[in-house]
Structures are given as structure tokens and as C-alpha cells.
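# Close look at the chain arrangement
Residue-level listing of the chains:
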Amino acid sequence: LAVFRPFNFHPVRSTLASASWDGTVKVWDLYKSNSVPETFENSADVVCLAFRPDGNEICTGTIRGLLRFWNVEDGNLICEIDGQKDIKGGRKFNDRMTSDNNSSSRYFTSIAYSADGTCLLAGGNSKYVCIYEISQQILLKKFQVSFNRSLDGVLDELNSKNLADG
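Okay, so let's go over this structure.

Each value, and the rule that gives it
- Residues numbered from 1 in each chain as written.
- Predicted model: local features only at pLDDT ≥ 70, side-chain atom pairs only at ≥ 80, totals over all residues.
- Heavy atoms only, no water.
- Pairing = 2+ DSSP bridges.
- Helix = DSSP H or I, 4+ residues; strand = E, 2+ residues; numbered from the N terminus.
- Axes fitted to C-alpha atoms, helices over the stretch in contact; angles between N-to-C directions.
- Core = buried A, V, L, I, M, F, W, Y, C linked by side-chain atoms within 4.5 Å.
- Buried < 20%, exposed > 50% of the residue type's maximum accessible area, 1.4 Å probe, protein only.
- Contact = heavy atoms within 4.5 Å.

All right, on to the sheet that holds strand β8 (residues 77-82) then. Strand order in the open sheet made by the 4 strands is β5-β6-β7-β8, with antiparallel pairing throughout. Looking at the sheet topology across the chains shown, the edges are occupied by β5 (46-51) and β8. For this sheet the average axis-to-axis angle between neighbouring strands, irrespective of direction, equals 20°. Judged from the 5 bridges that link them, strand β7 (residues 66-71) and β8 form a sheet pairing that is antiparallel. When the sheet's bridge partners are listed, Leu66 is paired in β8 with Asp82.

Moving on, we come to the sheet that holds strand β11 (residues 128-133). As summarised here, the arrangement of the 4 strands in space is β9-β10-β11-β12, forming an open sheet in which the pairing is antiparallel. Because the sheet does not close on itself, it has two edges, and the strands there are β9 (108-113) and β12 (138-144). Across the sheet, the axes of successive neighbouring strands diverge by a mean angle of 20°, strand direction being ignored. Sheet topology note: the strand β10 (residues 119-124)/β11 ladder contains 5 bridges and is antiparallel. Bridge assignment links Leu120 to a residue of β11, and that residue is Tyr132.

Ranked by internal contacts, the top residues of the largest apolar core, which has 16 residues, are Leu67, Phe69, Phe108, Ile111 and Leu120. At the level of elements, β5, β7, β8, β9, β10 and β11 are the ones that each hand at least two residues to this core. The element that contributes the greatest number of residues to this core is β9, accounting for 3 residues. Setting aside chain neighbours within four positions, we find Phe69 in contact with Glu57, Ile58, Cys59, Asn76, Leu77, Ile78, Cys79, Ile81, Tyr113, Leu120 and Ile134. Judged by nonpolar contacts, the second largest core, of 11 residues, contains Ala17, Ala19, Phe40 and Phe51.

Following this line, the structure appears as C-alpha cells:
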């Protein structure tokens, strides 16, 4: 069984950032075999990460729905956005819980910076994709991916008369 861990290459330098389930992100210099990686400590498992296009900032997404923005040069935390309430929603056909209680749809699994680095696009196992303005730490727009009610994960509530007895 292979375990995939998020990673991202620096857009300018020969470095690689890798995330781990222990809450750390390490930035590695690819051409120095004996160098110690710079470590960014997060409060929860990191499931996604991305470099800003100029390479001066890195964003990490955790299973608690936090988007954390780090200065790559000094390792300091710049800001964080709690996106847990923004992304929640949608219920799969086989879910035995409401969308409000479904933890798998409450965090981002994929993030990407805008070309100018001022905004972040974030999505996950939810019916929503969010765009954040980073310096103001605000949600600019929340898109529902689909309104097709026949697709799995679009409805927030399921009609119990459509569920078969097990």
C-alpha cells in the first residue's frame, strides 16, 4: 500500500516542499544532499500545499480546514484562514450522517494561487470551490460545482424513504 504525501516544487529555486501527516511541511534543497530541511509546524495533518508564483510564500491546508500562509525565507506564519465552514456541504448517497456532521467534506484537498499571488483557489471533497483574498483573509466567492441533484454529494439532506433497509 503506497502512501501519497502532498509535495510541490518551488517555482524559481531548486527546492521541494513536502507535507506529512504529522503536521509538518519540510522544504528541501534538491542539490544539497547534506542540508537540513526547513520545517513548518502545523497544528494538524497537512493534506495539501502550494507555493505562491514568486516562491516567497507557501500555503498549507490541514484536516481542520485551516489554510496557513508561511514566509518561505524566515519560516514565520503570515496569516491563516479558517475555511471549514466555507467548504462544508454535500452528502454522499451511502453517508449515514448529515452533511453538517461529515468531517471528510470540511477541509481542502487541493489549493492553487492565482497568477499574481493575491488570491487562493481551494477545493476538496465537497460540492464547493472557494476563492480567498489572502491579504484581507476573506472569502471572495464560493462556487457550487454542480446543481445536478442526481450526482453523489450534491444534496445536503437525503430523503430517508429512498434509503433501503439493511
